[in-house]
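Notes for the structure review
The chain contents come next:
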Amino acid sequence: MPEERANKKKFPLWMYPETRTLIEKWYKQDNCQSQSEFIEKAVRFYCGYISAEDGVRYLPAAITSAMTGMVDSLESRMARLVFKLAVEMSMMMNILAANADVDEAMLRRLRGKCVNDVKKSVGSVNFEDVVKFQKGE
């Protein structure tokens, strides 16, 4: 008798006929030598799944790696786009400041209005609305 079987213990197991049918159907497709091996693997997998410490082990490495790569790529792309946007905004602000006569009080009021506009529109302020506001419409 192989050493690994010597340590195994036999015990009664009650299950629904549908569960038994599933085991009979799937154990060979999982490359198990026996239904007992399939049940043991299933129990170990489920225990790992519900265990917080071992849960990550049961995510396929390919999925984890792909997700990490996608997030890293997106983060890098977003950082480049935000940088480009900040440069363009800085250029625009410098051109406007050189040609506009705006005092500090008006600038503070305008900043408050702009913050509220961006909050209300969830960051989607359009130029047409700003023009209407500036013309007093």
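Before going into details, it helps to say that this report is about the structure given with it.

Summing up its helical and strand segments, the chain has six helices and zero strands in all. In sequence order, the chain lays out its α and β elements as α-α-α-α-α-α. Each of the 137 residues in the chain was classed as buried or not, and the buried ones make up 4%. Taking contacts inside the chain between residues at least 6 apart in sequence as the whole, the part at least 24 apart equals 13%.

This part takes up the packing of aromatic side chains. On inspection of all chains with the given rule, the structure shows zero aromatic pairs. Against the face of phenylalanine 133 rests lysine 113, its NZ or CZ located 4.1 Å from the ring centre.

Another point: the pattern of salt bridges. Under the defined criterion, the tally for this structure stands at six salt bridges. The salt bridge involving glutamate 24 is made with arginine 20; its shortest N-O contact spans 3.2 Å. Highlighted residues: glutamate 24 and arginine 20, both in helix α2 (residues 17–26), separated by four residues, approximately one helical turn. Take glutamate 24: its relative accessible area is 42%, and that puts it in the partly exposed class. Residue class for arginine 20 comes out partly exposed when judged on its relative accessible area of 41%. Taking the shortest distance from any N to any O, the salt bridge between lysine 113 and aspartate 117 comes out at 2.3 Å. With a gap of four residues between them, lysine 113 and aspartate 117 both fall in helix α5 (residues 104–121), about one helical turn apart.

The rules we used
Going along each chain's sequence as written, the residues are numbered from 1 onward. The predicted origin of the model limits local features to residues at a pLDDT of at least 70 and limits the giving and counting of side-chain atom pairs to 80 or more, whereas totals for whole chains, interfaces and linings rest on all residues. Side-chain figures throughout are based on the complete set of non-hydrogen atoms in the structure, without hydrogens or water. Numbered from the N terminus, helices here are DSSP runs of H or I no shorter than four residues, and strands are runs of E no shorter than two. Burial classes follow relative accessibility: with a 1.4 Å probe on protein chains only, a residue under 20% of its type's maximum area counts as buried, one over 50% as exposed, and anything between as partly exposed. Any pair of residues with heavy atoms lying within 4.5 Å of one another is described as a contacting pair. Two rings belonging to Phe, Tyr or Trp (six-membered ring only in the last case) form a pair when the distance between their centres is within 6.5 Å. Interplanar angles under 30 degrees mark stacking, angles over 60 mark edge-to-face geometry, and anything in between is tilted. By the criterion adopted, a ring carries a charge over it if an Arg CZ or a Lys NZ lies within 6 Å of its centre and within 35 degrees of its normal. In the sections that follow, a salt bridge refers to a side-chain nitrogen of Lys or Arg positioned within 4 Å of a carboxyl oxygen of Asp or Glu.

Geometry only, nothing functional implied.
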